[in-house]
There are 2 protein chains.
Amino acid sequence: MRLFAAVLVFALSSSAAAQALPSWNEGAAKQGIVEFVKAVTEKGSKDFVPRAERVATFDNDGTLWAEQPLYFQFVFALDQVKAAAPKHSEWKDNAAFQALTNQDKEALAKLGHKPILELIAVGNSGMTVGEYDHTIREWLAKARHPRFKRPYTDLTYQPMKELLAYLRANGFKTYIVSGGSVEFMRPWAEKAYGIPPEQVIGSQQEVKFEMKDGKPVLTREPKFAFIDDGPGKPVGIYRSIGRRPIAAFGNSDGDLQMLQVTAAGPGRSLVLIVHHDDAEREFAYDRESHIGKLDKAWDEAKAKGWIVVSMKNDWKKIFSFEK
Amino acid sequence: MRLFAAVLVFALSSSAAAQALPSWNEGAAKQGIVEFVKAVTEKGSKDFVPRAERVATFDNDGTLWAEQPLYFQFVFALDQVKAAAPKHSEWKDNAAFQALTNQDKEALAKLGHKPILELIAVGNSGMTVGEYDHTIREWLAKARHPRFKRPYTDLTYQPMKELLAYLRANGFKTYIVSGGSVEFMRPWAEKAYGIPPEQVIGSQQEVKFEMKDGKPVLTREPKFAFIDDGPGKPVGIYRSIGRRPIAAFGNSDGDLQMLQVTAAGPGRSLVLIVHHDDAEREFAYDRESHIGKLDKAWDEAKAKGWIVVSMKNDWKKIFSFEK
């Protein structure tokens, strides 16, 4: 009788997991997720973790939504540079600005990242944080992805949204930990992922408190305060959460250190990498890509037995708009 | 019958508030708190605020626990400088270190803050964040306040702890926003205040990711990354929460900008200052104090009608250990 009850409970909870992750094909990836969640949540399990310590961190670009052919925030930030150009006559002599306006890829490659990032910082500062938030929302409402011809916020991954909901239903607190900026994600992350503004960790431009027309405002400064990428991710997690994640999800070498810290935890952990191998439904890229390069983290995943998700084989559906 | 029910509900909820804030005397301060909470939480109220937006931010030193005769973290940080001295033979020629060891107040006053803070930064760096956390916990267990002869963590204010619990019972999310460092508060804030590590905002020293004996660790660097004081407080709130508080609590000019931002919100807000006017049970200080100076913020509180709590008159009890 007790065995029958145990089998019944197992069958029911497996079916609950199947219902919770309907866009995931049966296979090692899904099985690894479900087994981990059972291990850390079931009373009496040797790997049980109290609710307050069930922290799960997710990279955003390439892990929760698409990032090709260019990080979506980069497209937005360049649009802001163009919009700000009339106020910056000095840019006429700026090589980076010239290369950008002329879409001169050769010149851009020669210049390197630094002058481009400086230009972006200047073009995306000077306004209050409220004004900038408004600009982001307006841009997101109008901009369309070059290939899918849809709003960028449609390009979130359906299986990952199910995973977020499944973890939360099991008492996890879910965070974004992105190289992108918090400002760019907060306006839509709650609706898209169920992640509230205070659980979005990301890169940050400096902001300055000041009184403007008798009202206190925060104004954006043309300088980065924090880059939440690579070795910056565990730093961002330490600063904002102060607990080590027990589950972490990424897709590129920029996530490696976050995954390493999670894997090195004292208890059981879940470490997962999304591999972009579906050129038909999305994009296929890894070791050689300039955006979302997956090389060292892939080697480490293989060596350490981390879960590597094949978007092609593990996901029934990538985007919710697919038929 | 409906009127009777309404009266009954009112009577019950008023008595619930009284029960929730037992260490508060009846008066304008308590009444202001209870009225605000009713206004933003009761369905149908014109000032109703959804649960997710009920953000309350609390300064720590002087607002949630005592801060005299020296910020407790400053005492700890100086102890770490002393402990680190054998490793820093170069400090023999350091004027700030000499003045500190000799307790030469005149020399210290002449030197100003900068060399002292630099010394503290060096003396409190070089170790992993885990090692530092351990040192803090050991120190807190042993150190005693010079006047009260008790662990520093006993010196939290009972009425404020009741207020934190009362706000949370009404759907608020409570945060610490302190000039002190997150590391120093996280080990005890959850037990003392019910505030988890991820809701502690504060000043931050730089930390660096590195591999040590094959394990990923974060090491403390001798440099401040962020000072969460004065105009830094609204910046810290913006970075970590991304929502404007609707209730904010402070006790000194270092809290002024946080209080201003809260008061400038689009809806109803609660802004409260704790005034230290009870030399007998705690300490009495305000406009002339070097620690916890309350001058500009007091003037603004009077001009704007913010609540000013008299510790002497509004609180039945200051510390839980009082009889």
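Right, let's get into unusual backbone geometry. Apart from glycine, the bulk of residues carry a negative phi angle, and the bulk of peptide bonds sit in the trans form. That bond from glutamine 68 of chain A to proline 69 of chain A is cis: its omega, 0 degrees, falls within 30 degrees of zero. Within the secondary structure layout, proline 69 of chain A lies in the loop between strand S1 (55-58) and helix H3 (72-84). Although it is not a glycine, glutamine 103 of chain B sits at a positive phi angle of roughly 50 degrees. As for its placement among the helices and strands, glutamine 103 of chain B is situated in the loop between helix H4 (95-101) and helix H5 (105-111). Classification of glutamine 103 of chain B as exposed rests on a relative accessible area of 61%. One non-glycine residue, lysine 149 of chain B, lies in positive phi territory at about 55 degrees.

Once that is clear, we can look at the relation of the copies chain B and chain A. Rotating chain B by 180 degrees and translating it 0.0 Å along the rotation axis places it on chain A, where the RMSD comes to 0.0 Å. What we have between these two chains is a two-fold relation. Of the C-alpha atoms belonging to chain B, the one lying closest to the rotation axis is found on serine 240 of chain B, 3.3 Å away. Same-surface contact between copies: 100% of interface residues of chain B are shared with the interface of chain A.

All right, on to the interface of chain B and chain A then. Listed by partner, the interface residues are 31 residues for chain B and 31 residues for chain A. Interface area for chain B against chain A, summed over the two sides, is near 2700 Å², with a carbon-plus-sulfur share of 55%. A salt bridge links glutamate 190 of chain B to arginine 243 of chain A; the shortest N-O distance between them is 3.7 Å. Our count for the chain B to chain A interface comes out at 14 residue pairs in polar contact (both at pLDDT 80 or more). Looking at the side of chain B that touches chain A, the elements that each hand over two or more residues are strand S2 (173-181), helix H9 (182-193), strand S3 (200-212), strand S4 (215-226), helix H10 (232-240) and helix H11 (256-263) of chain B.

Relative to the helices and strands, glutamate 183 of chain A resides in helix H9 (residues 182-193). Only 3.1 Å separates the side chain of glutamate 183 of chain A from the side chain of serine 181 of chain A, close enough to count as a polar contact. Side-chain polar atoms of glutamate 183 of chain A contact the side chain of arginine 220 of chain A, separated by 3.3 Å. Residues contacting glutamate 183 of chain A, with those up to four places away along its chain left out, are Tyr132, Ile136, Ser203 and Arg220 of chain A together with Tyr238 of chain B.

Spatial ordering of the open sheet is given by S4-S3-S2-S1-S5-S6-S7 (chain B), a layout of seven strands whose pairing is mixed. Bordering the open sheet on either side are S4 and strand S7 (307-310) of chain B, each of which pairs with just one other strand. Neighbour-to-neighbour, the strand axes of the sheet open up by a mean angle of 30 degrees, direction not taken into account. Pairing geometry for strand S5 (residues 247-250) of chain B and strand S6 (residues 270-275) of chain B, over four bridges, is parallel. The residue bridging glycine 250 of chain B from the neighbouring strand is isoleucine 273 of chain B, located in S6 of chain B. Strands S3 and S4 of chain B of the sheet are contacted by helix H10 (residues 232-240) of chain A, whose axis makes an angle of about 150 degrees with S3 of chain B.

Inspection of the entire model under this criterion finds four cavities of 30 Å³ or more. Forming the boundary of the largest cavity are Lys173, Tyr175, Glu198 and Gln199 of chain A together with Lys173, Tyr175, Glu198, Gln199 and Ser240 of chain B. Among the secondary structure elements, those contributing two or more residues to the lining of the largest cavity are strand S2 (173-181) of chain A together with S2 of chain B. Split into classes, the residues belonging to the lining of the largest cavity amount to two nonpolar, three polar and four charged.

Okay, the packing of helix H2 (residues 28-41) of chain A against helix H8 (residues 158-169) of chain A next. Residue and element names in this part refer to chain A. Where H2 meets H8, the axes come as close as 11 Å, and the angle between the chain directions of the two elements is 15 degrees. What the angle tells us is that H2 and H8 run roughly parallel. Taken as a pair, H2 and H8 cross one another with a handedness that is right-handed. Across the interface between the two elements, Ile33, Val34 and Val37 of H2 pack against Leu163, Tyr166 and Leu167 of H8.

Working note: regular strand, side chains alternate between the two faces of the sheet. Residues and elements named next belong to chain B. Strand direction decides the pairing type here: S2 and S3, joined by three bridges, are parallel. Of the residues in S3, the one forming a bridge with serine 181 is serine 203. Two elements, S3 and S4, share eight bridges in a ladder whose sense is antiparallel. Across the sheet, the residue bridging to glutamine 204 is phenylalanine 226, located in S4.

Take the environment of glycine 194 of chain A next. Along the chain, glycine 194 of chain A turns up in the loop between H9 and strand S3 (200-212). When the C-alpha atoms of glycine 194 of chain A and glutamate 282 of chain A are compared, they prove to be 23 Å apart, with 88 residues separating the residues in sequence.

Turning our attention to the packing of H3 of chain A against helix H7 (residues 129-142) of chain A. Residues and elements named next belong to chain A. One can describe the packing of H3 onto H7 by two numbers: an axis separation of 11 Å at closest approach and a directional angle of 115 degrees. Looking at the two axes, H3 sits roughly perpendicular to H7. Every pair of crossing elements has a handedness; the one defined by H3 and H7 is right-handed. Contacts between H3 and H7 involve Phe72, Val75, Phe76, Asp79 and Gln80 from the first element and Tyr132, Thr135, Ile136 and Trp139 from the second.

Moving on: the environment of leucine 163 of chain B. Residue and element names in this part refer to chain B. Looking at the secondary structure, you find leucine 163 in helix H8 (residues 158-169). Classification of leucine 163 by relative accessible area gives buried; the value is 0%. Considered as a pair, leucine 163 and valine 34 are 129 residues apart in the sequence and their alpha carbons are 10.0 Å apart. The residues touching leucine 163, leaving out its near neighbours within four places in the chain, are Leu21, Trp24, Ile33, Phe58 and Phe249.

Right, let's get into the environment of glutamate 280 of chain A. Residue and element names in this part refer to chain A. Topologically, glutamate 280 is positioned in the loop between strand S6 (270-277) and strand S7 (284-285). Looking at glutamate 280, the relative accessible area reads 72%, which means it is exposed. Through-space distance from the C-alpha of glutamate 280 to that of lysine 312 is 8.9 Å; in sequence the pair is 32 residues apart.

Below, the discussion takes up H8 of chain B. Residues and elements named next belong to chain B. With twelve residues, H8 ought to run about 16 Å at 1.5 Å a step, and its terminal C-alpha atoms sit 17 Å apart, in line with that. Every buried residue of H8 is accounted for by Pro159, Met160, Glu162, Leu163, Leu164, Tyr166 and Leu167. Directly beyond the C-terminal end of H8, a positive phi value near 85 degrees is found at glycine 171.

For chain A, per-residue confidence averages 93 on the pLDDT scale, and 94% of positions sit at 70 or higher. This prediction of the complex comes with two scores: 0.93 for pTM and 0.92 for ipTM.

A full pass over the atoms with the stated rule returns 42 salt bridges over all chains. For aspartate 133 of chain B, the salt bridge identified is with arginine 137 of chain B, shortest N-O distance 2.7 Å. Pair noted here: aspartate 133 of chain B and arginine 137 of chain B are both in helix H7 (residues 129-142), with a separation of four residues, about one helical turn. Overall, aspartate 133 of chain B belongs to the partly exposed group, its relative accessible area being 27%. The shortest N-O distance in the salt bridge between aspartate 154 of chain B and arginine 150 of chain B comes to 3.1 Å. One connected set of salt bridges, linked through shared partners, spans Lys173 and Arg243 of chain A together with Glu190 and Glu198 of chain B.

What counts and how
- Residues numbered from 1 in each chain as written.
- Chains lettered and ligands numbered in written order.
- Predicted model: local features only at pLDDT ≥ 70, side-chain atom pairs only at ≥ 80, totals over all residues.
- Heavy atoms only, no water.
- Helix = DSSP H or I, 4+ residues; strand = E, 2+ residues; numbered from the N terminus.
- Buried < 20%, exposed > 50% of the residue type's maximum accessible area, 1.4 Å probe, protein only.
- Least-squares fit on C-alpha atoms with pLDDT ≥ 70 in both.
- Contact = heavy atoms within 4.5 Å.
- Buried area = accessible area lost by both parts, 1.4 Å probe.
- Salt bridge = Lys/Arg side-chain N within 4 Å of Asp/Glu carboxyl O.
- Polar contact = N/O pair within 3.5 Å; in protein donor to acceptor, adjacent residues only side chain to side chain.
- Pairing = 2+ DSSP bridges.
- Axes fitted to C-alpha atoms, helices over the stretch in contact; angles between N-to-C directions.
- 1 Å grid on protein atoms, 1.4 Å probe; cavity = no way out; pocket = protein on both sides within 12 Å on 5 of 7 lines; lining within 4 Å.
- Points joined across faces, edges and corners; volume = space filled by probe spheres on them.
- Nonpolar A, V, L, I, M, F, W, Y, C, P; charged D, E, K, R; others polar.
- Parallel < 35°, antiparallel > 145°, perpendicular 65-115°, else oblique.
- Left-handed = near helix turned anticlockwise from the far one by under 90°.
- Expected span 1.5 Å × (residues − 1).
- pLDDT = per-residue confidence, 0-100.

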